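Per-entry structural report
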Amino acid sequence: MTFGIEAVSYHVPSLYLEIKDLATERGIDPAKLEKGLGLHKMAFPDVHEDAATFAAEALLKLITDYEINPKEIARIYLGTESALDAAKPTASYIMQMVEKVLEKESGERCFRNCDVVDLTFACIGAVDALHNSLDFVRANPGKKAVVIASDYAKYELASSGEYTQGGGAVAVLVSAKPDLMEMENEWGVATESVFDFFKPRRHFKKDDLANAPESFPDKIEIFTDEPVFDGQYSNQCYQDRIREAYDHYREITGKDRPSDHWRYLIFHLPYAFHGKRVFTEIYSRENGLSYENPEEQKAVAKSEEYLQFINEKIETSQRASSEIGNMYTASVFMALLSALQTAFNENEELAGQEIGFLAYGSGSKSKVFAGKIAGNWKSVVSKWNLFENLKNRTAIDFETYEKLHRKQLEKSVNPGYKGFGLQSIELENPLLKGARYYDFKK
């Protein structure tokens, strides 16, 4: 019996900002971002959108596009670092939104017997959910699991991470019917506790906050979406962890050069060109090249052989990232969609070929694993229309972008939106203060 990915769907925010517009406003040469990092557009949420609505859209599309009986889904595990609550899982909001829409066809609370939970480890949380859910269906081959990766990558205005922002969700159906990809059960893992990127509670004195209620303690802890990060250090941690996880994968599989077996290398992409940049060290070692100093490293990256390697095994996985930006937990899954959509559009036959994944989450952890494309993969990909859908989003100007970022707009930029949206947040009732309520517009 085989296990793996049966179907996949996704959702990207309805708005985007042109990277060249951001670059111009920030005094950055647009070519540095477009040609240097592969960035073209930044997906950005409207007032009514958040990580929960992204995920609910992807889950509902997964169920409707592939005609899944929701009562057959035994678990919905969400990987996210954009959780809406420190106790109530964001997955519970998603479950509630979708089951209300499905109520007419599937009855009231169709997910009442479904296990839901959030998993958090920066950008690798959804890969952890996938790993966990694969173990679950192997132990329970008659059951199905849904893994959702959903995030909003938000950085402080004018920071060095601002131009990598993005967001969206990918929903993956895991089962004993892997129509898209059969997943092996060998995982290379590397973990080290570091502070390359994190979202701590920030401490402030009550006296420093205007109009703070008297009931507040003298020292106040505040959480914000924007991370504390060291970009260069995080890049090095990424490179170190994938090297260690790759070596662990080599050890447990007995494959001396795993990348030789992989049609595509699928990376977590904080920006589109990141994967091809961090893999130079492993590539150098596998090909007997010196990698001791920056000059030698640049020589490897610009060599004709490595450029050909990138073109064959990495380039197509970058294309969606260029149009969306960083999706945190969803970026590695979107890289897979990008590569498979391109192969489908170009009528390439992938059945039986192996795909390698190099996932990373700050803090920090990497997992390296692989899957084999199934014979029925085209029927799954035919539902996506990824690049056509990315063309149908709405562009916003820089002023609107900054207002959205600062949460200065009360009404949606696109008031005629269809789908899930945040309707209200309870501000008065002390027993429900902060509760979030969503609706669905047809």
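Residues numbered from 1 in each chain as written. Predicted model: local features only at pLDDT ≥ 70, side-chain atom pairs only at ≥ 80, totals over all residues. Heavy atoms only, no water.

Moving on: the overall build of the chain. Each helix and strand in the chain was counted, giving 16 helices and 19 strands. Over its C-alpha atoms the chain spans a radius of gyration of 22 Å, differing by no more than 12% from the 22 Å that the globule rule assigns to 442 residues. Each of the three principal axes of the chain carries a C-alpha extent, and together these read 65 × 50 × 40 Å. For the chain, the distance from the average site of its 53 positive side-chain charges to the average site of its 68 negative ones is 3 Å. (Helix = DSSP H or I, 4+ residues; strand = E, 2+ residues; numbered from the N terminus. Rg over C-alpha atoms; globule rule 2.2 N^0.38 Å. Lys, Arg positive; Asp, Glu negative; His and termini not counted. Charge placed at Lys NZ, Arg CZ, Asp CG, Glu CD.)

By the definition in use, this model includes 26 salt bridges. Across the pair D128 and K365 runs a salt bridge whose closest N-O atoms are separated by 2.9 Å. Pair noted here: D128 is in helix α6 (residues 125-139) and K365 is in strand β16 (residues 365-373), with a separation of 237 residues, a long-range link. (Salt bridge = Lys/Arg side-chain N within 4 Å of Asp/Glu carboxyl O.)

This next bit is on helix α12 (residues 315-324). Most of α12 sits inside the fold, with seven of its 10 residues counted as buried. When α12 is considered as a whole, its buried residues turn out to be T316, S317, Q318, A320, S321, S322 and I324. Looking at the packing, one finds that the buried side of α12 touches β3 (41-44), β7 (166-175), β14 (262-267), α8 (274-278), α13 (331-345) and α15 (386-391). In the segment just after α12, G325 is the residue with positive phi, at about 95°. (Buried < 20%, exposed > 50% of the residue type's maximum accessible area, 1.4 Å probe, protein only. Contact = heavy atoms within 4.5 Å.)

Okay, the nonpolar core next. Counting 134 residues, the largest nonpolar core has L180, F267, F279, M334 and W384 as its most contacted members. Those residues in contact with M334 that lie beyond four places of it in its chain are Y10, V12, V170, A320, I324, M327 and L386. Counting residues in hydrophobic clusters, the runner-up holds five residues, among them C123, A153, Y155 and F197. (Core = buried A, V, L, I, M, F, W, Y, C linked by side-chain atoms within 4.5 Å.)

The next thing to look at is the sheet that holds β3. Strand pairing in a sheet relies on backbone hydrogen bonds, with the paired strands running either antiparallel or parallel. What the three strands build is an open sheet, ordered β3-β2-β17; its pairing is mixed. Looking at which strands have only one partner, the edges of the open sheet turn out to be β3 and β17 (394-395). Looking at chain direction, strand β2 (residues 15-18) and β17 are connected through two bridges and run parallel. When the sheet's bridge partners are listed, L15 is paired in β17 with T394. (Pairing = 2+ DSSP bridges.)

A word on the side chain of H131. By the element assignment, H131 lies in helix α6. H131 gets classed as buried once you look at its relative accessible area, which sits at 17%. Of the polar contacts made by the side chain of H131, one reaches the side chain of K367; its length is 2.9 Å. (Polar contact = N/O pair within 3.5 Å; in protein donor to acceptor, adjacent residues only side chain to side chain.)

On to the packing of aromatic side chains, then. Under the counting rule described, the total for this entry stands at 21 aromatic pairs. Look at F44 and Y401: their rings are 5.1 Å apart centre to centre, the planes differ by 75°, and that puts the pair in the edge-to-face class. Taken together, the residues F44 in strand β3 and Y401 in helix α16 (residues 398-405) connect sequence positions 357 residues apart. Accessibility expressed as a relative area gives 1% for F44, which makes it buried. Among the aromatic residues, ring-to-ring pairing joins Y246, Y249, W262, F267, F279, Y283, Y306 and F309 into one connected group. (Phe/Tyr/Trp six-rings, centres within 6.5 Å; stacked < 30°, edge-to-face > 60°.)

Attention now goes to the side chain of S364. Summarising the element assignment, S364 is placed in the loop between β15 (354-361) and β16. A distance of 3.1 Å separates a polar atom in the side chain of S364 from a polar atom in the side chain of R241. If we ignore the near neighbours within four places in the chain, the residues touching S364 are F121, A190, T191, E192, S193, V194, D196, C237 and R241.

Before going further, it helps to spend a moment on the pairing of strand β9 (residues 188-191). The side-chain alternation of β9 yields one buried face, formed by G188 and A190, and one unburied face, formed by V189 and T191. In this structure, β9 lies alongside β16, joined through four bridges in antiparallel fashion. Looking across to β16, one finds that V189 is bridged to K367.

To continue, consider the packing of α12 against α13. Packing of α12 against α13 brings their axes to within 6 Å, and their N-to-C directions diverge by 120°. It follows from the interaxial angle that α12 and α13 lie oblique. Relative to α13, α12 is oriented so that their crossing is right-handed. Two secondary-structure elements touch here, α12 through T316, S317, Q318, R319, A320 and I324 and α13 through M334, A335, S338, A339 and T342. Here the contact of α12 with α13 is built from residues that sort into five nonpolar, five polar and one charged. (Axes fitted to C-alpha atoms, helices over the stretch in contact; angles between N-to-C directions. Parallel < 35°, antiparallel > 145°, perpendicular 65-115°, else oblique. Left-handed = near helix turned anticlockwise from the far one by under 90°. Nonpolar A, V, L, I, M, F, W, Y, C, P; charged D, E, K, R; others polar.)

Among the secondary structure elements, R285 is positioned in helix α9 (residues 280-286). On the basis of relative accessibility, which here comes to 40%, the residue R285 falls in the partly exposed class. Residues R285 and P200 lie 85 residues apart in sequence; the distance between their C-alpha atoms is 37 Å. Excluding anything up to four places from it in sequence, R285 contacts R243, Y246, D247 and R250.

As a further point, take the packing of helix α3 (residues 51-65) against helix α4 (residues 90-101). The contact between α3 and α4 brings their axes to 9 Å, and the two run at 45°. By the criterion of interaxial angle, the relationship of α3 to α4 is oblique. Every pair of crossing elements has a handedness; the one defined by α3 and α4 is right-handed. Contacts between α3 and α4 pair A52, T53, A55, A56, L59, L60 and I63 from the former with T90, Y93, I94, M97, V98 and V101 from the latter.

Moving on, we get to a nonpolar patch on the surface. There is a patch of nonpolar side chains on the surface, built from L431, L432 and Y437 and spanning about 320 Å² of accessible area. Tracing the chain through its elements places L431 in the loop between β18 (419-425) and β19 (436-441). (Patch = residues over 30% accessible without salt bridge, like charges linked within 9 Å, V, L, I, M, F, W, Y side chains within 5 Å. Areas by Shrake-Rupley, 256 points an atom, 1.4 Å probe, with all protein chains shown as cover.)

Let us now look at the state of the cysteines. Applying the stated rule across the entire model yields zero disulfides. Residue C110 stays outside any disulfide, its sulfur separated by 8.8 Å from that of C114, the closest cysteine. Among the residues examined, C110 registers a relative accessible area of 7% and is labelled buried. With no disulfide of its own, C123 has C237 as its nearest cysteine by sulfur position, at a separation of 13 Å. With a relative accessible area of 8%, C123 lands in the buried category. (Disulfide = S-S within 2.5 Å.)

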